[in-house]
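Read off the chains here:
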Amino acid sequence: MSSKRNSPPHVILIVIDALRAKNLGCYGGSSQASPHIDKLADNGILFENVYSSWNTTDQSLTSIFSGKHPRSHGIVHHGDKVHSEDLSMFENLDVPWMPQILRDQGYKTWAVDWMGRWFKKGFDYYGYKLNQSLLKQIIYYTVTLPLLYIKYMMNHLGIIKIYSGKRRFSLNSLIRGLKRVLKTFSFMFQLARLHDSAFVRKVGEDLIKTGRGENFFLFLHFWDTHTPYNCPRKFFEKNKNSDLKDGLISKYHGAVSYVDQQVGRLVETLDSLDILDETLIIITSDHGESLTEHGIYFDHHGLYEVTTHVPLILYYPKYFSVPKRVKGFVQHVDLLPTLCDITGSEYKNGLDGMNLLPLIKGDKKRLRNYVYKEESL
């Protein structure tokens with residue numbers, strides 16, 4: 001690691017939703033699965049044993065941004081099950097928030113995401129609006145968007161078919177199912193708009209191009225590896241004799257490769273703008289995914305290896321001059337104190353996370369003897 005303290009870097013945090021570490025080539029997966037991410041890992045810092053403290057997005061992402069485990073930051077439920085008590089505890093604790101800390105350090109803070117709520121804290125821009133002409137906007141809202149919604153709903157049919165064969169049908173179960181669909185209808189429609197990493201990348205690049213004269217923190221949330229798996233046809237490999245389950249597994253693998261392609265294109269853009277060397281790129285996932293392991297079909301229940309072992313890669317050769325694979329248990333909560341050290345930012349004490357730099361430099365062989373993880377009821 002370089003001992004020089006240069007000006008703080010631009011920071012891009014990429015969270016690839018439901019990405020299993022084992023599906024990346026640099027973590028032992030197929031060498032053809034993720035060449036662009038693997039290249040960043042080969043020239044950066046890869047942490048081998050990283051575990052999320054929860055197996056769902058709300059709690060896990062909050063831990064990434066706060067440096068605290070869910071029991072410390074208060075968000076212990078997910079989605080529409082987040083209670084008012086969760087939010088009250090989160091606000092009353094005055095939880096430090098990554099974009100707020102970096103904004104106080106002079107960073108422009110942007111997020112391409114749709115979850116909203118407390119995740120908006122500290123961002124100068126939060127959303128997913130693509131710069132388009134009036135004509136392109138008309139075409140997008142009248143043609144592209146309706147087709148996108150239809151595609152997203154149709155992609156769920158295979159998963160619904162698998163689960164319908166595993167559950168007993170009854171009038172009560174039908175009513176419960178319809179209520180759940182109606183309750184999450186708008187939720188799903190919002191997610192459908194971002195269920196393509198090329199779209200997310202383009203919005204992010206627009207932000208970079210308009211504000212690259214200043215230090216920026218950009219959060220990109222890629223959803224393609226989340227059900228129902230966004231896999232363009234050219235990335236889809238399916239044996240003609242394979243069944244529905246094998247087809248869905250192939251879609252997940254293809255989604256990984258598609259996201260990897262977009263990461264590569266983002267790197268090319270940074271290079272063309274002559275800011276790649278000035279940018280810290282962080283790649284991780286909020287949790288993993290079960291692709292039929294442990295009898296769990298295309299979801300992330302259970303605190304198993306496939307659902308909690310996530311990747312973590314730091315790419316910034318200007319600072320990390322020697323690439324390295326780091327052993328020892330690491331958790332999402334360690335990101336915030338590490339990032340604050342690299343950027344020279346100040347943060348409040350009381351974080352659950354620990355600075356990873358001593359582990360990277362070899363001053364310590366390990367930070368902890370165990371990992372902390374939970375699951376919602």
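Structural notes, computed from the coordinates. (Residues numbered from 1 in each chain as written. Predicted model: local features only at pLDDT ≥ 70, side-chain atom pairs only at ≥ 80, totals over all residues. Heavy atoms only, no water.)

Observations concerning the overall build of the chain
1) Next: Broken down by element type, the chain carries 14 helices and eleven strands.
2) Next: Taking all 377 residues of the chain together, the buried fraction comes to 55%.
3) Next: Working note: accessible area of the chain is about 17800 Å², and carbon and sulfur atoms make up 52% of it. (Helix = DSSP H or I, 4+ residues; strand = E, 2+ residues; numbered from the N terminus. Buried < 20%, exposed > 50% of the residue type's maximum accessible area, 1.4 Å probe, protein only. Areas by Shrake-Rupley, 256 points an atom, 1.4 Å probe, with all protein chains shown as cover.)

Re the nonpolar core
1) Next: Formed by 101 residues in total, the largest nonpolar core has its most connected members in Ile-14, Phe-47, Phe-65, Ile-208, Phe-217, Leu-314 and Phe-320.
2) Next: Among the elements that make up this core, the one with the highest residue count is helix 11 (residues 244–272) (nine residues).
3) Next: Not counting the four nearest positions on each side in its chain, Ile-208 is found in contact with Ile-12, Trp-110, Phe-216, Leu-218, Leu-266, Leu-270, Leu-273 and Ile-275. (Core = buried A, V, L, I, M, F, W, Y, C linked by side-chain atoms within 4.5 Å. Contact = heavy atoms within 4.5 Å.)

What about the packing of aromatic side chains?
1) Next: Counting across every chain of the model gives 16 aromatic pairs.
2) Next: Ring geometry for Trp-114 against Trp-223: centres 5.7 Å apart, planes inclined by 55°, an arrangement best described as tilted. Placement of the pair is Trp-114 in the loop between strand 3 (108–112) and strand 4 (125–127) and Trp-223 in the loop between strand 5 (216–222) and helix 11, with a sequence separation of 109 residues.
3) Next: Exposure remark for Trp-114: the relative accessible area of 8% places this residue in the buried category.
4) Next: Owing to a relative accessible area of 3%, Trp-223 belongs among the buried residues under this scheme. (Phe/Tyr/Trp six-rings, centres within 6.5 Å; stacked < 30°, edge-to-face > 60°.)

A word on the layout of surface pockets
1) Next: Of the pockets and cavities examined, the second largest pocket occupies roughly 400 Å³.
2) Next: Every residue lining the second largest pocket is counted, 17 residues in all, and those nearest its centre are Ser-30, Ala-33, His-253, Gly-254 and Ser-257.
3) Next: In terms of residue count, the dominant contributor to the lining of the second largest pocket is helix 11 (five residues). (1 Å grid on protein atoms, 1.4 Å probe; cavity = no way out; pocket = protein on both sides within 12 Å on 5 of 7 lines; lining within 4 Å. Points joined across faces, edges and corners; volume = space filled by probe spheres on them.)

Section: a nonpolar patch on the surface
1) Next: A cluster of nonpolar side chains, namely Leu-135, Ile-139, Val-143, Leu-147, Ile-150 and Met-154, defines an oily patch on the protein surface of about 590 Å² accessible area.
2) Next: For Val-143, the location among the structural elements is in helix 6 (residues 134–155). (Patch = residues over 30% accessible without salt bridge, like charges linked within 9 Å, V, L, I, M, F, W, Y side chains within 5 Å. Salt bridge = Lys/Arg side-chain N within 4 Å of Asp/Glu carboxyl O.)

Points about unusual backbone geometry
Most peptide bonds take the trans form, and the phi angle of most residues other than glycine is negative.
1) Next: The residue after Thr-227, namely Pro-228, is reached through a cis peptide bond having omega 10°.
2) Next: Along the polypeptide, Pro-228 turns up in the loop between strand 5 and helix 11.
3) Next: Unlike most non-glycine residues, Tyr-229 shows phi in positive territory, near 70°.
4) Next: Positionally, Tyr-229 belongs in the loop between strand 5 and helix 11.
5) Next: A residue is classified by how much of its surface remains accessible, and Tyr-229, at 0% relative accessible area, is buried.
6) Next: The backbone of Asp-274 sits at a positive phi, close to 65°, despite the residue not being glycine.

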